[in-house]
Amino acid sequence: MILRILLTGTTLLLLTLVASVGAAAGSGSKSVSITGLENVRAYAAAAQVDGRSYAVDGGRLYAGVDGAWEKLPVPHGVIVNAVAVDKMDSNIVFIGAANRLSVFVSRNGGARWVEFTLDPESIGGVTAVAFDAFNRLLYVGTVSDGVYRLRDIGAGRGKGLVASGHLLLEEPVEEIAADSTGAGLAFVRTLENLYRAEAYGLRWVVVDSLPGPPTAVAVADASPPRVYAGTAGGGVLVSKDGAAWRPVNLGLDGIGDGKLIVNDLAVDPAQPEVLYAATGVSDRDALQGSSGKVAMSTDGGGRWESLARLENAQVAELLPAAGRNGLVYALTTASRTPVALGVEPPLEMRLAGGVHERGLRNPGLLAWVLAGHASAALLILVVGEIRTGGRRRVGTAYGMRAVQAG
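Residues numbered from 1 in each chain as written. Predicted model: local features only at pLDDT ≥ 70, side-chain atom pairs only at ≥ 80, totals over all residues. Heavy atoms only, no water.

**Q** Break down the sheet that holds strand S12 (residues 147–152) for me, citing the residues and quoting the values.
**A** Pairing is antiparallel across the open sheet formed by 4 strands, whose spatial order is S10-S11-S12-S13. Two strands close off the open sheet at either side, each with one partner strand: strand S10 (126–132) and strand S13 (161–167). On average, adjacent strands in this sheet sit at an angle of 20° to one another, irrespective of strand direction. (Pairing = 2+ DSSP bridges. Helix = DSSP H or I, 4+ residues; strand = E, 2+ residues; numbered from the N terminus. Axes fitted to C-alpha atoms, helices over the stretch in contact; angles between N-to-C directions.)

**Q** With reference to specific residues and values, describe unusual backbone geometry.
**A** Here the residue pair Ser-223 and Pro-224 is connected by a cis peptide bond, since its omega of 0° sits within 30 degrees of zero. With respect to the element layout, Pro-224 can be found in the loop between strand S18 (214–220) and strand S19 (226–233). Notably, Ala-199 is not glycine yet its phi reads approximately 55°, a positive angle. Not every positive phi belongs to a glycine, and Tyr-200 is a case in point at roughly 55°. Relative to the helices and strands, Tyr-200 resides in the loop between strand S16 (194–198) and strand S17 (203–206).

**Q** Can you tell me about the nonpolar core, naming the residues and giving the values?
**A** Counting 18 residues, the largest nonpolar core has Val-103, Leu-118, Val-129, Leu-138, Val-140, Leu-150 and Leu-161 as its most contacted members. Of all the secondary structure elements, the ones that give two or more residues to this core are strand S6 (80–86), strand S7 (89–97), strand S8 (102–106), S10, strand S11 (137–142) and S12. With 3 residues, the top contributor of residues to this core is S10. (Core = buried A, V, L, I, M, F, W, Y, C linked by side-chain atoms within 4.5 Å. Buried < 20%, exposed > 50% of the residue type's maximum accessible area, 1.4 Å probe, protein only.)

**Q** Tell me about the pattern of salt bridges, and name the residues and values.
**A** Evaluation of the coordinates by the stated rule reveals 11 salt bridges. In this structure, Asp-57 engages Arg-60 in a salt bridge whose closest nitrogen and oxygen atoms are separated by 3.7 Å. Residue classification places Asp-57 among the buried residues on the basis of a relative accessible area of 4%. Where Glu-273 meets Arg-226, a salt bridge forms, and the shortest distance between an N and an O atom there is 3.2 Å. Highlighted residues: Glu-273 in the loop between strand S22 (260–267) and strand S23 (275–281) and Arg-226 in strand S19, separated in sequence by 47 residues. Look at Glu-273 and you get partly exposed, because its relative accessible area is 33%. The exposure class of Arg-226 is buried, given its relative accessible area of 18%. One salt-bridge network, held together by shared partners, links Asp-86, Arg-107, Arg-136 and Asp-152. (Salt bridge = Lys/Arg side-chain N within 4 Å of Asp/Glu carboxyl O.)

**Q** Give me the pairing of S16: which residues, what numbers.
**A** On a regular strand, each side chain points to the face opposite its neighbour's, so the side chains alternate between the two faces of the sheet. The buried count for S16 comes to 4 of 5 residues, which makes it a mostly enclosed element. The pairing of strand S15 (residues 186–189) with S16 spans 3 bridges and is classified as antiparallel. Within the sheet, the bridge partner assigned to Val-188 lies in S16 and is Tyr-195. Between the end of S15 and the start of S16, which pair antiparallel, lie 4 residues. Between S16 and S17, which pair antiparallel one after the other, the connecting turn spans 4 residues, and Ala-199 there sits at a positive phi close to 55°.

Structure, rendered in structure tokens:
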């Protein structure tokens, strides 16, 4: 009996130790809420509500699930400057380096990376990336080397990213947008021009039908897909192909005066009919957006409603929360720390917790469950030993006597 109790007690102590380690690991998590990020420079929202989204904060890469963000390892020496996610599989992510002409792909949520060098003879960095998940095309914008078109031929030996086109530009690429429906829409924005892809990015043409300089571009994966352009002076415009455009400014400030400025546009990737626009009105004919007006449309731009207004800051970029209608985060010209606009973020969006996909959220929970079961087993064993101890001692004594007598 004593031996059984000692063995069981030892097992209990070991399980308790495991539970303590697991709990310590859980309490030591470095995950933060999205508003805990401080210097966001790029953002890629998953197309699924429970998928992985990615953010670049101060040259580092973070992954977020249900509003909790954790830092991911990246190749040594790489300063991350751009990010894109596969809308069909949020564990496939692409990043662009600020300090070299390279992009990297990970197919397991950032655990392992494969590098593709755009041009070993050129210098510069990557400014923007966008991925057409249907046609498996990655568009990479750079500071001084234009736009690269890469084909993703999958994982495995001899596969990866393959160069398949190059648009040389004389100005830095500010933004790239592409659809993932199969239509092959792709757009590149610089400070002066908007370029439209033809033949799935093998050719490019300048969009010259906008009423003002382009300030934002976004693609909605609707059926059929649509592209939205923000302008300095003409507000928001929509097109089905990027060739013919029509204004969609009903409900936005500044209609009719030709001075409606759009600082940024964003489409909810899980709800292509939900759009967000950061707008302003020019002051004394100077094309500069006024502070903080953000509007939302739930019908693809048919009508806009005011969502929020920031004081003493211009909205520089909008970060939609996939599938969470009315919740969008804003980066401003005064701060790159995300500010929640619209509806109050759900509790899980505001509390820090480990990044997870499925299963237990607390890394020490399983160990505590095992320790509890072990404690119950020990209690049952002790009670059993007390109740049957007399009979076991009598049986053992008679057996010893029989042996000795023989």
